[in-house]
Amino acid sequence: MRSLNNISLGQFIPGDSLIHRLDPRCKIVCTFMLLAGLFMASEPLDFVLWCALPCLFSRLSGTSMTTILKTGRPVVFLVAVTVFINLLWTPGHEILRIGPLRVTWEGITVAVGMGLRLFFLVIFAAMLMMTTSPMDFSAGLERLMSPIGRLGLPTSEMAMMMTIALRFIPTLFEETDRILKAQISRGADFDSGGLIRRARSFVPVLVPLFVLVFLRAENLATAMESRCYSPGAPRTRLHPLRWAARDSVAVICLFSFIAAVVALDRLVLGGVRPFR
Amino acid sequence: MSIVVSELRHTYNEGTPARSEALRGVSVVIERGQWVSIVGHTGSGKSTLAQHLNLLLLPQSGSVSIDGTDVTRDAKNLRGLRRRVGLVFQYPEQQFFAETVRDEIEFAPLNWGVTGRELDECVEMAVRSSGLDPALLGSNPFAISGGQRRRAALASVLSMRPDYLVLDEPTAGLDAAGIRELRQLMASVRDEGMGVVQVTHDLEGALANSDRILVLERGVGVTCGDAESVAEYLLRSPVQGLLMPPLARFIAGLRERGIHLPLTAGVGDVINSLEERLGCEV
Ligand SMILES: Nc1ncnc2c1ncn2[C@@H]1O[C@H](COP(=O)(O)OP(=O)(O)O)[C@@H](O)[C@H]1O
Ligand SMILES: [Mg+2]
């Protein structure tokens, strides 16, 4: 059944868990630390340790492991291609040969490392987006970017634009789902026929969607103007972000974990390796 | 010939913090030639149930069968079964995409491969039952009046000649005259033998018009029956978000003073029995 109900692109899932309550700046910083840490990992064993993080996240945020893993689904194809290329085109100690194709020991480690890295990358980004509301996310980003604002860049307008865009994603999904369902119940068939026929079959979905989006945008502009929004004017916040003790603890714990894994990698598992 | 829903359950977003149990064991039977209303507060699961009737959602647990065919057993024929149950969404005119009203109405039958003479008959029938002004068939669906647009939307579902018609909050955004006309339309397709399901949170309208009423509260069917028995039930045990109509509350008050009338009695009956009791005109 074609339906967007269960789509898992790492949309925000409201909740009241520990992770949900962390300061968005903390979560953004943590995500960047994770991404940096990922690129320092090189041994397969590192990745076994990295697995602890999604598990811990699942416990602390009340999101099931299946939901977290599913967010990696859109990149499975990309991961597979990366693995395949690295597997066959890395020179080194040959262990298997099928015609002109040769698989090397180095190839296997690099391929597995690359694949896992990509997969974790997506999952970590999704973990941030799943537990941070679009509003919080852009507020956090605005504050983190504020040093650039002093140079004269319109950071708060950029943040407002991003808030609105992010705010509309769930609405857009809902509306698309509703229109899809309405056309399916009128017998629309999106799954059969050739490419052109299939593309054409989306006209009954896209036209109503555009009409709705334009109406919404107009309403939103009116609503913002009637409440005196004016770009460039300084604005205060109803709920100012507050950095709490738990945010510091989270950053420190995560930093220690990453440092420990990197140290283990460099010192115990075989010295400094070049980035692969 | 009927749609039988039994012990239907549906949970959205299983396995996430946003998990929400929309239906928690609902059973109902919808006969052709009957008008069934589904009433309940916002979020009680009405729309979720409506989408199961049209197979947009399939049972996670429990069953739905249409004219004796269990939908989970016949998953290959979903499209065929779906044609029997027309579903009109809330604000159906928002689904318009075609350049003319006629194209819009022809969309459904064309999707099921109807062509030629038969297609014209489908359109003609749909225009007649929906009360759409036939002069508007060549117009742009976005440019006609609100009332006619709602009719065009109904016609675009009726044109697939369903055996059942499910309407999700069909009266939303209509004025009193529009609501009355829509009710007449629903009664007339019912009288032609179609099964009509109306999803609504307007208890008064449901009590006054439907043959049977299903009351949902937080995903559970709390009672189901004809208007009188449902009104009696709601008088005994109030349900979240449903307010008894003023006249029914008045009749309930009269009962305490010894005047017994059915809760769904009309204004005329109430006046007659009051006059009888008082022995003079009121
Ligand atoms: N597409 C969806 N995704 C997640 N939850 C949903 C979805 N649709 C409905 N729900 C939830 O299911 C419950 C029942 O919704 P619905 O069937 O729309 O009720 P009603 O039509 O009676 O207002 C609500 O709590 C609602 O939040
Ligand atoms: Mg609804």
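Residues numbered from 1 in each chain as written. Chains lettered and ligands numbered in written order. Predicted model: local features only at pLDDT ≥ 70, side-chain atom pairs only at ≥ 80, totals over all residues. Heavy atoms only, no water.

A.B. asks: Before we go on, may I ask you to explain the overall build of chain B in this structure?
C.D. replies: Each helix and strand counted, chain B has ten helices and ten strands in total. The 282 residues of chain B split such that 52% are buried. In chain B, once contacts between residues fewer than 6 apart in sequence are set aside, the share between residues at least 24 apart is 63%. When the accessible surface of chain B is split by element, carbon and sulfur atoms take 48% of a total near 12300 Å². For chain B, the separation between the mean place of its 28 positive charges and that of its 36 negative charges on side chains is 5 Å. (Helix = DSSP H or I, 4+ residues; strand = E, 2+ residues; numbered from the N terminus. Buried < 20%, exposed > 50% of the residue type's maximum accessible area, 1.4 Å probe, protein only. Contact = heavy atoms within 4.5 Å. Areas by Shrake-Rupley, 256 points an atom, 1.4 Å probe, with all protein chains shown as cover. Lys, Arg positive; Asp, Glu negative; His and termini not counted. Charge placed at Lys NZ, Arg CZ, Asp CG, Glu CD.)

A.B. asks: Honestly, the side chain of T171 of chain B in this entry has me stumped. Any pointers?
C.D. replies: Residue and element names in this part refer to chain B. With respect to the secondary-structure elements, T171 resides in the loop between β7 (164-168) and α6 (176-191). Since its relative accessible area comes to 17%, T171 is described here as buried. Excluding its chain neighbours within four sequence positions, the residues that come into contact with T171 are R150, I179 and L182.

A.B. asks: Just to check I follow, could you spell out helix α6 (residues 76-88) of chain A for this structure?
C.D. replies: Residues separated by three or four positions in an α-helix point in the same direction, a consequence of the helix having 3.6 residues per turn. For α6 of chain A, with 13 residues, the first-to-last C-alpha span of 18 Å sits near the 18 Å given by 1.5 Å per residue. All of the buried residues in α6 of chain A are V79, T82, N86 and L88 of chain A. (Expected span 1.5 Å × (residues − 1).)

A.B. asks: Sorry, what's going on with the sheet that holds strand β1 (residues 2-12) of chain B here?
C.D. replies: In any sheet, the strands associate via hydrogen bonds between backbone groups, in a parallel or an antiparallel arrangement. Residues and elements named next belong to chain B. Spatially, β2-β1-β4-β5 is the arrangement adopted by the four strands of the open sheet, whose pairing is antiparallel. Looking at strand neighbours, the two that pair on one side only are β2 (20-31) and β5 (69-70), the edges of this open sheet. As paired strands, strand β4 (residues 61-66) and β5 are joined by two bridges and run antiparallel to one another. If you follow I66 over to β5, its bridge partner there is T69. In the packing of helix α1 (residues 46-53) onto the sheet, contacts are made with β1, β2 and β4, and the angle to β1 comes to roughly 125 degrees. (Pairing = 2+ DSSP bridges. Axes fitted to C-alpha atoms, helices over the stretch in contact; angles between N-to-C directions.)

A.B. asks: Would you mind going over the packing of aromatic side chains with me for this structure?
C.D. replies: Any pair of aromatic rings gets described here by the distance separating the centres and the angle formed by the planes. Inspection of every chain in the model, using the stated rule, returns six aromatic pairs over all chains. Taken together, a centroid distance of 4.8 Å and an interplanar angle of 75 degrees make the contact between F97 of chain B and F107 of chain B edge-to-face. Placement of the pair is F97 of chain B in the loop between β6 (85-88) and α3 (101-111) and F107 of chain B in helix α3, with a sequence separation of ten residues. The buried category is assigned to F107 of chain B, whose relative accessible area is 11%. Members of the aromatic cluster, each reached through a chain of ring pairs, are F47, W50, F120, F124 and F257 of chain A. (Phe/Tyr/Trp six-rings, centres within 6.5 Å; stacked < 30°, edge-to-face > 60°.)

A.B. asks: Is there a simple way to think about the packing of helix α2 (residues 24-40) of chain A against helix α7 (residues 105-131) of chain A in this case?
C.D. replies: To describe two helices that pack against each other, one gives the angle between their axes and the distance between the axes. All names here are of chain A. Contact pair α2 / α7: the axes reach a minimum separation of 10 Å and the direction vectors enclose 175 degrees. Relative to α7, α2 is oriented roughly antiparallel. Along its contact with α2, which presents K27, I28, T31, L34, L35, L38 and F39, the element α7 presents R117, F120, L121, F124, A125, L128 and T131. (Parallel < 35°, antiparallel > 145°, perpendicular 65-115°, else oblique.)

A.B. asks: Is there a simple way to think about the interface of chain B and chain A in this case?
C.D. replies: It is common to report an interface's size as the accessible area lost on association of the parts. Between chain B and chain A, the residue contacts involve 31 residues of the former and 28 residues of the latter. Counting each side, the surface lost to burial between chain B and chain A is near 2300 Å², with a carbon and sulfur contribution of 61%. One can count one salt bridge joining chain B with chain A. The residue E104 of chain B makes a salt bridge to R186 of chain A at a minimum N-O spacing of 2.8 Å. If you look at where chain B meets chain A, you find eight residue pairs in polar contact (both at pLDDT 80 or more). Only α2 (78-84), α3 and α5 (146-158) of chain B provide two or more residues apiece to the side of chain B that touches chain A. Among the elements that line the side of chain B that touches chain A, the one with the most residues is α3 of chain B, at four residues. When its residues are assigned to classes, the side of chain B that touches chain A shows 18 nonpolar, ten polar and three charged. (Buried area = accessible area lost by both parts, 1.4 Å probe. Salt bridge = Lys/Arg side-chain N within 4 Å of Asp/Glu carboxyl O. Polar contact = N/O pair within 3.5 Å; in protein donor to acceptor, adjacent residues only side chain to side chain. Nonpolar A, V, L, I, M, F, W, Y, C, P; charged D, E, K, R; others polar.)

A.B. asks: Can you walk me through the nonpolar core in this structure?
C.D. replies: If you look at soluble globular proteins, the nonpolar side chains tend to sit buried side by side. All names here are of chain B. Counting residues in hydrophobic clusters, the biggest one holds 40 residues, and the most contacted among them are I3, V5, I30, L49 and I66. Ignoring anything within four residues of it in the chain, the contact list for I66 reads S2, I3, L53, L55, V71, L81, R84, V85 and Y164. Listed in part, the 28 residues of the second largest apolar core include I105, A152, V157 and A187. (Core = buried A, V, L, I, M, F, W, Y, C linked by side-chain atoms within 4.5 Å.)

A.B. asks: Can you walk me through the domain arrangement of chain B in this structure?
C.D. replies: Residue and element names in this part refer to chain B. Here chain B is described as being made up of domain 1 (2-97 + 163-241) and domain 2 (245-282). Carbon and sulfur atoms make up 70% of the surface buried where domain 1 meets domain 2, a total of about 600 Å² over both sides. Considering only the surface of domain 1 that becomes buried against domain 2, E204, E228 and L235 emerge as the three largest contributors, covering 59% of it. For the side of domain 1 that touches domain 2, the secondary structure elements donating two or more residues are α7 (203-209) and α8 (227-236). In terms of residue count, the dominant contributor to the side of domain 1 that touches domain 2 is α8 (five residues). (Domains from an automatic or database assignment.)

A.B. asks: Which parts of the structure should I look at to understand the pairing of strand β3 (residues 35-40) of chain B?
C.D. replies: Every regular strand shows the same layout, with side chains that alternate between the two sheet faces. Residue and element names in this part refer to chain B. β3 sits mainly inside the fold: six of its six residues count as buried. Relative to strand β8 (residues 195-200), β3 runs parallel, the two being bridged by five bridges. Residue pairing across strands places V39 opposite T200, the latter belonging to β8. Bridge count between β3 and strand β9 (residues 212-217): five bridges; the pairing is parallel. The partner of S37 across the bridge, within β9, is I213.

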